[in-house]
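Topology and contacts: notes
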Amino acid sequence: MLDLSTFFLGRPLTAPLMNASGVWCNVNSQLHALAESEAGAMVTKSCTLLRRDGNPEPRYHTLTMGSINSMGLPNEGHQYYLDYAERHDYENKPLFFSVAGLTLDDNLTIVAQIQDAYTPALLELNLSCPNVPGKAQIAYDFDALDVILAEISSAYSRPFGVKLPPYFDIAHFDEVADILNRYEKVNFITCINSIGNGLMIDMESETVLIKPKQGFGGIGGEYVLPTALANVNAFHQRCPKKSIIGCGGVNTGEHVFMHLLAGASIVQVGTALYEQGPDIFVRLKAELAQIMQEKGYKTIREFQGKLKTL
Ligand SMILES: O=C1NC(=O)NC(C(=O)O)N1
């Protein structure tokens, strides 16, 4: 098969594919399955300081072209994932460590412990969970975004990344990129988290599909592909010194190719992974290789970020 290998912040990956945080990465058995999968990298579930049950069920529902979720950050607490990070085989594949502290102090406490653990894992700071009742998404509050990046940058000595929500206004791409570009330690940007607070309806029972927040939840899957590609390309253009990780709407090799063309260095898979399991990476690699073969590309680098305009 074609060479799908790539590099990310100096780390080799066998393929530009990984899970999206929150999917197949909550507990050790899932993390082990990802470590054994064909994914080129992997990320842990966004952790909070302490263990959380998350929102009441039903809190996830499959839709015709994706999913709606209001998990509410269920996770085993940050120490559980630090313990996993200590056991992870970094020669096998890079590990990203997702953090979604409920307060700035919680984020600083967790990050200080990652700092002290000297783990090779890469920090992905989740600033975009839409599903904790009463908690706004940090990355939609531009002043709060600036403050947290300043605080984390001074508390953490290594490069890190941020997981952003989708933006829908060019002026917002400009403003957020300006903020991110002030922080050289922000080495990567993961776009996008789910499109927050969607609503879907069951026609037969005339009710919403999930219990939390009167049925409002994050939308994922193929519905969000155009928005994900736009955010990947917008920040790729505006943040030339940072790497972009694409996330959103990926279910085929074509979708992976589009994210890479738009500027992503790695492509994350969420809803489709949730539905199909880690074997999906075998199919996505084969489909991507097939597309590259048909187009005459031998390596990812030949087309990565090379989206043309009219
Ligand atoms: O950042 C998140 N995005 C989502 O779509 N869901 C999860 C969650 O609700 O835990 N978190």
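To be clear, the structure that these remarks concern was listed above.
Below is a summary of the structure that appears in this document.

Criteria and cut-off values
- Residues numbered from 1 in each chain as written.
- Predicted model: local features only at pLDDT ≥ 70, side-chain atom pairs only at ≥ 80, totals over all residues.
- Heavy atoms only, no water.
- Near = heavy atom within 4 Å.
- Polar contact = N/O pair within 3.5 Å; in protein donor to acceptor, adjacent residues only side chain to side chain.
- Areas by Shrake-Rupley, 256 points an atom, 1.4 Å probe, with all protein chains shown as cover.
- 1 Å grid on protein atoms, 1.4 Å probe; cavity = no way out; pocket = protein on both sides within 12 Å on 5 of 7 lines; lining within 4 Å.
- Sits in = over half its atoms within 2 Å of the grid points.
- Pairing = 2+ DSSP bridges.
- Helix = DSSP H or I, 4+ residues; strand = E, 2+ residues; numbered from the N terminus.
- Axes fitted to C-alpha atoms, helices over the stretch in contact; angles between N-to-C directions.
- Patch = residues over 30% accessible without salt bridge, like charges linked within 9 Å, V, L, I, M, F, W, Y side chains within 5 Å.
- Salt bridge = Lys/Arg side-chain N within 4 Å of Asp/Glu carboxyl O.
- Lys, Arg positive; Asp, Glu negative; His and termini not counted.
- Charge placed at Lys NZ, Arg CZ, Asp CG, Glu CD.
- Buried < 20%, exposed > 50% of the residue type's maximum accessible area, 1.4 Å probe, protein only.
- Core = buried A, V, L, I, M, F, W, Y, C linked by side-chain atoms within 4.5 Å.
- Contact = heavy atoms within 4.5 Å.

Looking now at the site of the ligand. Every residue lining the ligand is accounted for by Lys45, Asn69, Met71, Gly72, Leu73, Pro74, Asn126, Cys129, Pro130, Asn131, Asn193 and Ser194. At a separation of 2.8 Å, a nitrogen atom of the ligand approaches a polar side-chain atom of Asn193. For the ligand, whose unbound accessible area comes to 290 Å², protein coverage reaches 90%. In a pocket analysis with a 2 Å cut-off to the grid points, the ligand is assigned to the largest pocket.

On to the sheet that holds strand β14 (residues 217-220), then. Sheet architecture is open: four strands sit in the order β5-β6-β14-β11, paired in antiparallel fashion. Edge positions in the open sheet fall to β5 (60-63) and β11 (195-198), since each of these has one partner strand only. Between one strand and the next, the sheet's axes are offset by a mean angle of 30°, whatever the strand orientation. In this sheet, β14 lies alongside strand β6 (residues 66-69) in antiparallel orientation, the contact comprising three bridges. Residue pairing across strands places Asn69 opposite Gly218, the latter belonging to β14.

It is worth spelling out a negative patch on the surface at this point. Taken together, the side chains of Asp141, Asp143, Glu175 and Asp178 make up a negatively charged region of the molecular surface. Looking at the element boundaries, Asp178 is found in helix α5 (residues 170-181).

Our focus in this paragraph is the pattern of salt bridges. By the definition in use, this model includes seven salt bridges. Arg51 is paired through a salt bridge with Asp53; the nearest N and O atoms lie 2.7 Å apart. Of the two residues, Arg51 and Asp53, both sit in the exposed class. For Arg283, the salt bridge identified is with Glu287, shortest N-O distance 3.1 Å. Highlighted residues: Arg283 and Glu287, both in helix α9 (residues 280-295), separated by four residues, approximately one helical turn. Through salt bridges with shared partners, a single ionic network connects Arg51, Asp53 and Glu76.

With 81 residues, the main nonpolar core has Phe97, Leu149, Phe160, Val162, Leu164, Ile189 and Phe235 as its most contacted residues. The biggest single contributor to this core is α9, with seven residues. Those residues within four positions of Leu149 in sequence are excluded, and the remaining contacts are Leu127, Phe160, Val162, Ile179, Leu180, Tyr183 and Val186. Residues Phe8, Leu122, Phe188 and Ile266 belong to the second largest nonpolar core, which totals ten residues.

What follows deals with the sheet that holds strand β3 (residues 17-19). Taking strand neighbours across the sheet as the criterion, the eight strands line up as β3-β16-β15-β10-β9-β8-β7-β4 in an open arrangement whose pairing is parallel. Each edge of the open sheet is held by one strand with a lone partner, namely β3 and β4 (42-43). The pairing of strand β9 (residues 160-164) with strand β10 (residues 186-191) spans five bridges and is parallel. Opposite Lys163, over in β10, you have Thr190 as the bridge partner. Sitting on the sheet, helix α6 (residues 225-238) is in contact with β9, β10, β15 (243-247) and β16 (264-269), with an inclination near 175° to β15.

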